[in-house]
Each structure stands twice: as structure tokens, then as C-alpha cells.
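In case you want the letters, here they are:
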Amino acid sequence: MPSPRAHPASLYAGTAFLAALAVRALLLAAFPDNIGLDGFQRWAGRDWLLVQGWLPGPQLLIWSAGQLGVGIFGTRVLMAVVASLAVAAGAVLAEAIGGRAAGWMFIAAGAFGPFTLWGSALYQEGLFLLVLFAGLALALRGRLTAGDALLGALGLVRYEAWPLLLLYVVWRRSPRALLVGWGPAVWLGGHLLGWEGHAASPIDYFSDWQGLAARFTVAGWLEDAERLLRYAWDTGALVFVGAAIVGLRDRAPATRLVAAMTGVQLLLVALWMVGLERATPRMLIVPTMLAAVVAVAALARRFEGPRMRRGIVVLLVVVAWISSVNTWRAAEVEARFTHHERIALTTMAAYPGVRWWITPRTGLGPRDRHDGCEILQGVSELRHGTDFRCAAWPDDAATVDACGGTVTWDGQVYVVTLGGPPPR
């Protein structure tokens, strides 16, 4: 049973939030530009609530930021706040399972490197973990209906949540828990009514699965799995997963629920690698943060005494520090990925009001199907059709538009010139 709370939950939850936000603020100060191909698409679709075939939860935040005119950096700050709230909710959940010591220990998990980076980007993980941790914490504190209702929103954040909702219903053993199905029901019902997402570029992210049978090999998947294992070592994820395995001895239903959710997420990561055909550190975020809840609860219960617990906290802080250093390097890589486009934007900004014809870098991203036009609209305020047309995009290539300037990739740099595109 959790130990008596000597400190109110608001104390360590508030500390967890401020610590997590401080780490993310440092990262944002050093790397303020938008990152990630999905992040570029989401920002380019900021005028729409539905983008691609993605669930609308994260886009609601981005759309709201776009309506307020806070810009890319302000939107990243918003996502960092949401991710930091997720860390606070995780601390409350850990306390509900393992006592107040677990709540304090979870603060170190909030600095998990990949979550620091991608939770501060225009991605789903921050909102996903906030809703999941907060909903479970409400349920464990006896506010079952509120927990059920909040967890239902998870069905509008990320498809990987739907199996977790089934696990939760089984764990609850009550027909009332079926309330969590309202999110998936809304989404499926909307599609029956004809909901369609806006495509900010010709890239269809669900095409990852097209022709997969002809490309997939077990050897290739095993190489990706080995790479993911190296990422898990470099980021410290293995420490949390290993400690969570120790926690499996705990027969408490809440511990087993979170452990089962961790296992399901790991299975989904295995499938994710099949579709994406590569391993990325971002894949570790959700299973690691779930494992961290089980891990700190197990450590808090098994190692009694202030001295032993202080030693554990020091270990977790060291792991978080090493992970953060690794993630800082990852942020540098992401910044280099958009370097050429950001230089071009600096030159383009000297000519306000010009519509640009862009011949971009190509052969970027998974299976070389992305291009510099996606980056340009993803790291700036440019809107396709209004501010630029892209020579690499089929609809634009077949359309003659009046453009006042050209931006052309010459193999090394972008050349920005005034004057329309060459005749076609």
C-alpha cells in the first residue's frame, strides 16, 4: 500500500511541472525552430482541425495557437507546457501506486531525453501522456466517472490509445467504464459523416503501409530492433524498463494495468517499425514513461529508508542527465536538417509580399519521399498557394501561376532571385 502522504500531491506535482518545464525551456531557447516531418505538416495545417488522417486532439492545440497568432515558437512553448503537465500527472499517478516517495522519484523521469525533445515539438506524445496519466490518477483516487470521461479523450489523440482503453475497461470490470469509448466513437462517427483531413502537401503518411509486403524483410526489421535497443541504452530507457520488470512482482491491480499498457505499447512500437521501416528514439517515449511509473513505484516500495531512496534519486537524476545530453545532440541534428531552408527564408524575408516558385531539395525523409517545400512551410508562416508554389508537387507542376520570385536548390544552397518561374 502507498505510504501516508506527508506532503500534498500539489507540492511534488508542482515541482515536477516546474522542473520539466525548465528543462524544456532551455532546449527551446537553444533550438526554437520547428522540427520533424509530422511537425511540419501539422504547422502547415494550422488553419484546419483535421489534418491528414490524424486524430484531431493534438491539432486542436496547434489550431488554437494558430488562431491566436502566437507563431511557431509560441506553439512549441504551448506543447512544452502540455508535456510538463504530463510529467506532473505522472508524478501524481506514481504516488497513487507507490506512495509519496514514488511521486518525488518520478520527477527525474520527466527529463527523459526523447520526451524532452519531441514533447516540445508539434507531436502527440505530450497530450497523450497528460490525458492518460491524469485519467488513471483520477480513477485510482476514486473519481472513476471523471477518469473514464477523461480517458475517453485519449481516443482522439492517438490511435495507439485504443488498445489501452480496452485494457482499462477490462481492469475496471464495470459496464460504466465503457464511457471511455466516446472518443473513438466520435472519430468513427465523424468519418461516417464524411470527415476528411486537409493535406498540407502531396505526402500521404498512410502510404507507409502501401507496398509494404514487397519491401519488408525480417533481417531489416531486426536491424531496426537492434538500433532501437541502442537508442534505449543511450537514452537511459533500459534503466526504467529494467526497474519496471522488477515491479512486475507487485500484484496490485494498478501496477499490473500500467505494466500491461507498457507491454502493449512495446508491441505497437514493433509494428510501427514495420510501417516506418526505421527505428527512432521518439518510439521510446510512451513505453518508457509508462515503465517509469511502474519503476519508481517498485523502487519506492522495495528500498526503504531516506539514505537508500536518496541514492536511487541520484541514480535517476544521473540517468536523466545522460539522456538529456544525448537529446541535445539529437536537437542539433534536427536543426541541421532544416539549415538550408532557414537560410533561404532569411533572404526571402527581404522581399515581403512576393509569391515564390520553389524548386526544392528532394529525396528527404523515409523512403526519400519528402522535400524542402514541406520544410519551408513547416518552419515559417508561408502558406501554400498564397505565398508559394512548389515545382516538386504534382498539382503545382501542372498549374501556371504568377510568381514574383524563384527559390531554387542548386545541389548545395538555395538560390533566391526575383522574377517568375521559367516557362513550362
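Everything numeric in this text was worked out from a predicted model, so none of it was measured.

Criteria and cut-off values
- Residues numbered from 1 in each chain as written.
- Predicted model: local features only at pLDDT ≥ 70, side-chain atom pairs only at ≥ 80, totals over all residues.
- Heavy atoms only, no water.
- Helix = DSSP H or I, 4+ residues; strand = E, 2+ residues; numbered from the N terminus.
- Buried < 20%, exposed > 50% of the residue type's maximum accessible area, 1.4 Å probe, protein only.
- Disulfide = S-S within 2.5 Å.
- pLDDT = per-residue confidence, 0-100.
- Contact = heavy atoms within 4.5 Å.
- Pairing = 2+ DSSP bridges.
- Axes fitted to C-alpha atoms, helices over the stretch in contact; angles between N-to-C directions.
- Parallel < 35°, antiparallel > 145°, perpendicular 65-115°, else oblique.
- Left-handed = near helix turned anticlockwise from the far one by under 90°.

Considerations on the side chain of D224
Thinking step 1. Assignment of secondary structure puts D224 in helix α12 (residues 218-235).
Thinking step 2. Judged by relative accessible area, D224 falls into the buried class, the value being 9%.

Quick notes on the state of the cysteines
Thinking step 1. Evaluated as defined, the whole model comprises 1 disulfide.
Thinking step 2. There is a disulfide in this structure between C373 and C390, and the S-S distance comes to 2.1 Å. Disulfide C373-C390: the torsion about the S-S bond is 95°, which places it as right-handed. With C373 in helix α18 (residues 372-378) and C390 in strand β4 (residues 388-390), this pair connects stretches of sequence that are 17 residues apart.
Thinking step 3. Assessed through its relative accessible area of 0%, C373 is described here as buried.
Thinking step 4. For C390, a relative accessible area of 0% gives the class buried.

Focus: the confidence of the model for the chain
Thinking step 1. In this model, the chain carries a mean pLDDT of 90, and residues with pLDDT of at least 70 account for 94%.
Thinking step 2. Note on residues 1-5: pLDDT under 50 across the span, and 12 contacts to partners over four residues away in sequence or across chains.

Thoughts on the pairing of strand β6 (residues 414-418)
Thinking step 1. In the sheet, strand β5 (residues 405-409) pairs with β6 via 5 bridges, with the strands oriented antiparallel. When the bridges of β6 are listed, G405 appears paired with L418.

Observations regarding the packing of helix α14 (residues 253-276) against helix α15 (residues 285-302)
Thinking step 1. Closest axis-to-axis distance for the α14/α15 pair is 8 Å, and the angle between their directions is 150°. In terms of orientation, α14 lies roughly antiparallel with respect to α15. Relative to α15, α14 is oriented so that their crossing is left-handed. Residues T255, V258, A259, M261, T262, Q265, L266 and V269 of α14 form the contact with α15, whose own contacting residues are V286, P287, L290, A291, V293, V294 and R301.

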